[in-house]
Amino acid sequence: MESKQSKNKKKNNKKRREKDFRSIDLLDNRIIYLDGEITEESAKRTIETLLKLDIINHKDIKMYINSEGGSVNAGLAIVDTMNSIKSDIATIGIGRCASMAAILLINGTKGKRCLGEHSEIMIHEVTSGTYGKVSEQHDKLKHSTFVNHKLQRIIASKTNMSLKDVQKDTKKKDTWINSKNALKYGFVDKVLSCEKKI
């Protein structure tokens, strides 16, 4: 029969393990988790974290992404920050990397872009969101077309797809890409399974 002292010791060890688990900080391990909609606020937090980690040292930063996308301006601000710092950034797509989140995923350091085996990528045209006077709509549509072409060029430059193929796949529809095809088309460099490590 187990003694009272032994039971107390096990109980204290369990509490210690739970406390140790709660005290684990992702940032101490140079991990960023970006999930949900990409907004100005989430971009601000992500950019601040990237800059702080890069100041500490230039070891790799791991960025886990699970997002439906969001603000193009906010997303491109993250992209520019990723490109400006010295640390390599390993991007890991989990769940769904759609729209602007797909741009963040492919912008990771070449050779260090990963996608979960059961995860998906989605690319499409930019939503113009035009409203108001006709003249205002014209200007906004013109700018949206410019931004759309910019994102298409980014996709073409970071993958094995030609600009013509990117334009075709993003025109008037959402294009979903599974992990196998993401690897084939050069959106990522590795597909993660249970047996593989980052």
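These numbers come from a predicted model, not from an experiment.

### Section: the pairing of strand β3 (residues 89-98)
The buried count for β3 comes to seven of 10 residues, which makes it a mostly enclosed element. Where strand β2 (residues 61-67) lies against β3, six bridges are found, and the strand directions are parallel. Its bridge partner lying in β3, Met63 is registered against Thr91. With helix α3 (residues 72-84) bridging β2 and its parallel neighbour β3, the resulting β-α-β unit is right-handed. In this structure, β3 lies alongside strand β4 (residues 113-116), joined through three bridges in parallel fashion. When the sheet's bridge partners are listed, Thr91 is paired in β4 with Arg113. What joins β3 to β4 is helix α4 (residues 100-106), and the crossover it makes is right-handed. Summarising the sheet, β3 and strand β5 (residues 120-123) pair through three bridges and their orientation is parallel. When the sheet's bridge partners are listed, Cys97 is paired in β5 with Ile121.

### Thoughts on the environment of Asn178
Mapped onto the elements of the fold, Asn178 is located in strand β6 (residues 175-178). On the accessibility criterion, Asn178 (38% relative accessible area) is partly exposed. Considering only alpha carbons, one finds Asn178 and Glu120, 58 residues apart in sequence, at a separation of 4.8 Å. A polar contact of 3.3 Å, which involves the side chain of Asn178, links it to the backbone nitrogen of Lys180.

Parameters at a glance
Residues numbered from 1 in each chain as written. Predicted model: local features only at pLDDT ≥ 70, side-chain atom pairs only at ≥ 80, totals over all residues. Heavy atoms only, no water. Buried < 20%, exposed > 50% of the residue type's maximum accessible area, 1.4 Å probe, protein only. Helix = DSSP H or I, 4+ residues; strand = E, 2+ residues; numbered from the N terminus. Pairing = 2+ DSSP bridges. Right-handed = clockwise from strand over helix to strand, strands pointing away. Polar contact = N/O pair within 3.5 Å; in protein donor to acceptor, adjacent residues only side chain to side chain.

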